[in-house]
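Now for the letters of each chain:
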Amino acid sequence: MEDQSTNKEPAGENKRPLISSDLATPIYGLFGLGILYTLYVAHQIVLPIILAVMTSLLLSPLVKRAYVKWRIPRMVSSLILVLLVLAGIVGITLAVATPALKWVEEVPQGISRLLVGESEISRQIARVTESAEQVEKSVEELSETEQQATTVVLQTDSWRSQLMAKVRNGIAGLALALALTYFLLVSGDRLIHNFIRQLPIEQRKTVLRMTHESQHQIAQYLGVLGLSNLVVGTTTGLICWAVGLPDPAVWGLVAGLARFIPYLGNILSISLLTIVSVVSLDELWMMAVAPLGFLGLTTLVGLFIEPWIHGFRMAINPVIIFVSIFFWGWLWGPVGVLLAVPLMTVIQVVLKQIPKLRPVYKVIAR
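What you see is a predicted model, and the numbers here were worked out from it, not measured in a lab. (Residues numbered from 1 in each chain as written. Predicted model: local features only at pLDDT ≥ 70, side-chain atom pairs only at ≥ 80, totals over all residues. Heavy atoms only, no water.)

1. Description of the overall build of the protein chain
No. 1: Looking only at helices and strands, one finds 14 helices and zero strands in the protein chain.
No. 2: Counting from the amino terminus, the protein chain carries its helices and strands in the arrangement α-α-α-α-α-α-α-α-α-α-α-α-α-α.
No. 3: In the protein chain, which comprises 366 residues, the share counted as buried stands at 29%.
No. 4: At a minimum sequence separation of 6, the contacts of the protein chain that also span at least 24 residues come to 72%.
No. 5: About 24,600 Å² of surface is accessible on the protein chain, with carbon and sulfur atoms providing 68% of the total. (Helix = DSSP H or I, 4+ residues; strand = E, 2+ residues; numbered from the N terminus. Buried < 20%, exposed > 50% of the residue type's maximum accessible area, 1.4 Å probe, protein only. Contact = heavy atoms within 4.5 Å. Areas by Shrake-Rupley, 256 points an atom, 1.4 Å probe, with all protein chains shown as cover.)

What follows is the structure, given as structure tokens:
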């Protein structure tokens with residue numbers, strides 16, 4: 001009897017979980033924090049990879065269709081699509097960069113002329129400046145009688161050098177993302193199938209379904225949103241041209257591109273149109289035409305098109321979308337803001353397809 005009792009104890013011990021239920025949640029929490037810290041520290045490597053994966057998900061159906069319908073080799077069609085993406089990025093950058101740099105120099109002067117001018121404010125500022133000069137002269141006279149102090153000069157990088165460093169890092173990341181996109185378009189399906197073969201049979205269909213649905217959701221979202229933004233950008237440019245704003249095509253392009261960022265993009269476009277109108281135009285009613293026109297147009301488009309995009313194809317609570325924009329923007333900066341909604345699309349697909357994570361999907365859904 002003693003031998004039987006001793007034989008039963010190891011069997012009971014083998015059934016104990018490797019991680020106690022009391023420690024499971026803290027360990028998973030620390031694991032999640034570790035992943036977020038890694039994404040933050042290694043953003044220069046992670047961001048190009050995510051951009052490449054998103055772009056390949058969007059362009060992969062075109063590569064497959066070109067091969068099936070016209071027998072164009074994947075290497076050729078992938079290279080053409082990557083070059084088209086690069087040409088679009090370069091063209092948009094050149095179209096926006098020159099007017100933007102010019103306005104960066106002119107807007108502060110225009111706003112100061114508008115706010116100050118020859119009014120009482122300018123006279124008050126002149127009095128304050130005169131008083132400050134007198135105080136400065138008094139301080140200089142007192143300092144001459146004191147012992148000469150050692151001057152410490154801290155050398156800091158100018159904003160131009162910091163901007164150039166960011167531009168170089170951005171170009172390097174873009175080159176890496178485009179190169180990786182090409183290789184994913186050429187042999188990404190083979191990599192996915194090799195990965196699926198290593199999974200149990202019951203999980204293979206789930207992974208394939210997630211991949212195909214992610215492609216469909218991202219293509220659907222960006223396609224319809226791109227069409228609506230094209231309409232909004234073109235109409236905004238025509239409104240700017242009608243009221244006499246300089247560079248109307250640029251402001252239409254900026255308004256269309258900014259709408260890819262939900263909520264914040266509209267606020268940015270209205271602010272820019274308001275500043276440009278105030279600086280460039282004289283009459284008050286003309287200053288209000290462009291920002292109010294864009295506001296009415298984007299509201300009209302949002303009422304009929306965007307509910308279909310976000311409500312049926314991407315049924316996520318608007319609060320979750322808004323929070324995700326700030327979260328990914330805090331983690332990765334402006335690129336994170338742009339990737340927030342596509343990332344939420346992929347996360348939604350994953351949560352929906354995995355049974356254990358489906359309760360989380362039900363929480364964040366509309």
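2. Some points on the pattern of salt bridges
No. 1: Per the stated rule, a full pass over the model turns up two salt bridges.
No. 2: The closest approach of N and O atoms between Asp189 and Lys64, which form a salt bridge, is 3.8 Å. In this pair, Asp189 is assigned in helix H6 (residues 159-197) and Lys64 in helix H3 (residues 43-70), connecting sequence segments 125 residues apart.
No. 3: By relative accessible area, Asp189 is classed as buried at 19%.
No. 4: Through salt bridges with shared partners, a single network forms among Lys64, Arg74 and Asp189. (Salt bridge = Lys/Arg side-chain N within 4 Å of Asp/Glu carboxyl O.)

3. What to know about the nonpolar core
No. 1: Residues Ile50, Trp328, Trp332 and Leu343 are the most contacted members of the largest nonpolar core, which totals 22 residues.
No. 2: Counting residues per element, the ones that place at least two in this core are H3, helix H7 (201-243), helix H12 (318-332) and helix H13 (334-353).
No. 3: Top contributing element to this core by residue count: H13, with six residues.
No. 4: Setting aside chain neighbours within four positions, we find Trp332 in contact with Leu39, His43, Val46, Leu47, Ile50 and Leu343. (Core = buried A, V, L, I, M, F, W, Y, C linked by side-chain atoms within 4.5 Å.)

4. Thoughts on the packing of aromatic side chains
No. 1: Going through the model one piece at a time under the given rule, you end up with six aromatic pairs.
No. 2: With a centroid separation of 5.1 Å and an interplanar angle of 75°, the aromatic rings of Phe327 and Trp328 are classed as edge-to-face.
No. 3: The exposure class of Trp328 is buried, given its relative accessible area of 11%.
No. 4: Chaining the aromatic ring pairs together yields one cluster made of Tyr40, Phe327, Trp328, Trp330 and Trp332.
No. 5: Taking NZ or CZ as reference, Arg71 lies 5.2 Å from the ring centre of Tyr67, over its face. (Phe/Tyr/Trp six-rings, centres within 6.5 Å; stacked < 30°, edge-to-face > 60°. Lys NZ or Arg CZ within 6 Å of the ring centre and 35° of its normal.)

5. Digging into the packing of H3 against H13
No. 1: Taken N-terminus to C-terminus, the directions of H3 and H13 make an angle of 50°; their axes are 11 Å apart at the nearest point. With respect to their mutual orientation, H3 and H13 come out oblique. Remark: the crossing between H3 and H13 carries left-handed chirality. Residues Leu47, Ile50, Leu51 and Met54 of H3 form the contact with H13, whose participating residues are Val335, Leu339, Pro342, Leu343 and Val346.
No. 2: Split by residue class, the contact of H3 with H13 holds nine nonpolar, no polar and no charged. (Axes fitted to C-alpha atoms, helices over the stretch in contact; angles between N-to-C directions. Parallel < 35°, antiparallel > 145°, perpendicular 65-115°, else oblique. Left-handed = near helix turned anticlockwise from the far one by under 90°. Nonpolar A, V, L, I, M, F, W, Y, C, P; charged D, E, K, R; others polar.)

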